[in-house]
Amino acid sequence: QVQLVESGGGLVQPGGSLRLSCAASGFTFSNYHMSWYRQAPGKERELVATISNNGGSTDYADSVKGRFTISRDHAKNTVYLQMNSLKAEDTAVYYCKAVRIGLGAFYWGQGTQVTISS
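The shown structure was predicted, so the numbers you read here are calculated from the model rather than taken from an experiment.

Enquirer: Give a detailed account of the overall build of the protein, specifying residues and quantitative values.
Expert: Tallying secondary structure elements over the protein gives zero helices and eleven strands in all. Scanning the protein from its N terminus toward the C terminus, one meets helices and strands in the order β-β-β-β-β-β-β-β-β-β-β. By the compact-globule yardstick of 13 Å for 118 residues, the protein fits well, its C-alpha radius of gyration being 14 Å. If you line up the protein on its principal axes, its C-alpha atoms span 40 × 25 × 25 Å. Taken across its 118 residues, the protein has 41% of its residues classed as buried.

Listed below in structure tokens is the structure:
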């Protein structure tokens, strides 16, 4: 069955770094665009970063440009989010999403908590 399993979240001080991972299984990874979303308490889920199915294109929310980097490893069926210069406002549950190219079918992971606090 389809699984997206996020990991790498935790508690970090402001200015610190984290790398989130999302391990995919149960579908053809190279046929899916991959994205990271986040949802802070009391707020709507928002798109953070997207990478195309072949890794050739990326896009970021303005709030994370220059600080976050999305990447994917097709050998490991894993997408990453490297987060640097973290701020308190980056605190949220981070979710991985896979979207099938051309068909629109999608899957969500269960989320991983990221907390930025001193």
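Enquirer: Provide a residue-level description of the pattern of salt bridges, including the pertinent values.
Expert: Side-chain pairs of opposite charge can arise whenever the charged atoms involved come near each other. For the structure shown, the criterion picks out four salt bridges. The salt bridge partner of Asp62 is Lys65, with a shortest N-O separation of 3.2 Å. The class for Lys65 is partly exposed, based on a relative accessible area of 47%.

Enquirer: So, the environment of Thr78: which residues are in play, and what are the values?
Expert: Mapped onto the elements of the fold, Thr78 is located in strand β8 (residues 78-83). What makes Thr78 buried here is its relative accessible area of 8%. Taking the C-alpha atoms as reference, Thr78 lies 6.6 Å from Ser21; in sequence the two are 57 residues apart. Apart from the residues lying within four places of it in its own chain, the contact partners of Thr78 are Ser21, Cys22, Ala23, Phe29, Ser71, Arg72 and Asp73. Among the polar contacts listed, one links the side chain of Thr78 to the backbone oxygen of Lys76, at a separation of 2.8 Å.

Enquirer: An account of the environment of Ala23 is needed here, citing residue identities and associated values.
Expert: Tracing the sequence through the fold places Ala23 in strand β3 (residues 18-25). Once the C-alpha coordinates of Ala23 and Gly109 are considered, the two residues, 86 residues apart in sequence, prove to be 9.2 Å apart. Excluding residues that lie within four positions of it along the chain, Ala23 makes contacts with Gln3, Leu4, Val5, Asn77 and Thr78.

Enquirer: So what's going on with the sheet that holds β8? Residues and values would help.
Expert: Read from one edge to the other, the open sheet built from four strands follows the order β1-β3-β8-β7, with strand pairing classed as antiparallel. The open sheet has two free edges, formed respectively by β1 (3-7) and β7 (68-73), since each of these has just one partner strand. Strand after strand, the sheet turns through a mean of 15° between neighbouring axes, direction not considered.

The rules we used
Residues numbered from 1 in each chain as written. Predicted model: local features only at pLDDT ≥ 70, side-chain atom pairs only at ≥ 80, totals over all residues. Heavy atoms only, no water. Helix = DSSP H or I, 4+ residues; strand = E, 2+ residues; numbered from the N terminus. Rg over C-alpha atoms; globule rule 2.2 N^0.38 Å. Buried < 20%, exposed > 50% of the residue type's maximum accessible area, 1.4 Å probe, protein only. Salt bridge = Lys/Arg side-chain N within 4 Å of Asp/Glu carboxyl O. Contact = heavy atoms within 4.5 Å. Polar contact = N/O pair within 3.5 Å; in protein donor to acceptor, adjacent residues only side chain to side chain. Pairing = 2+ DSSP bridges. Axes fitted to C-alpha atoms, helices over the stretch in contact; angles between N-to-C directions.

No statement about biological role is implied by the geometric values presented.
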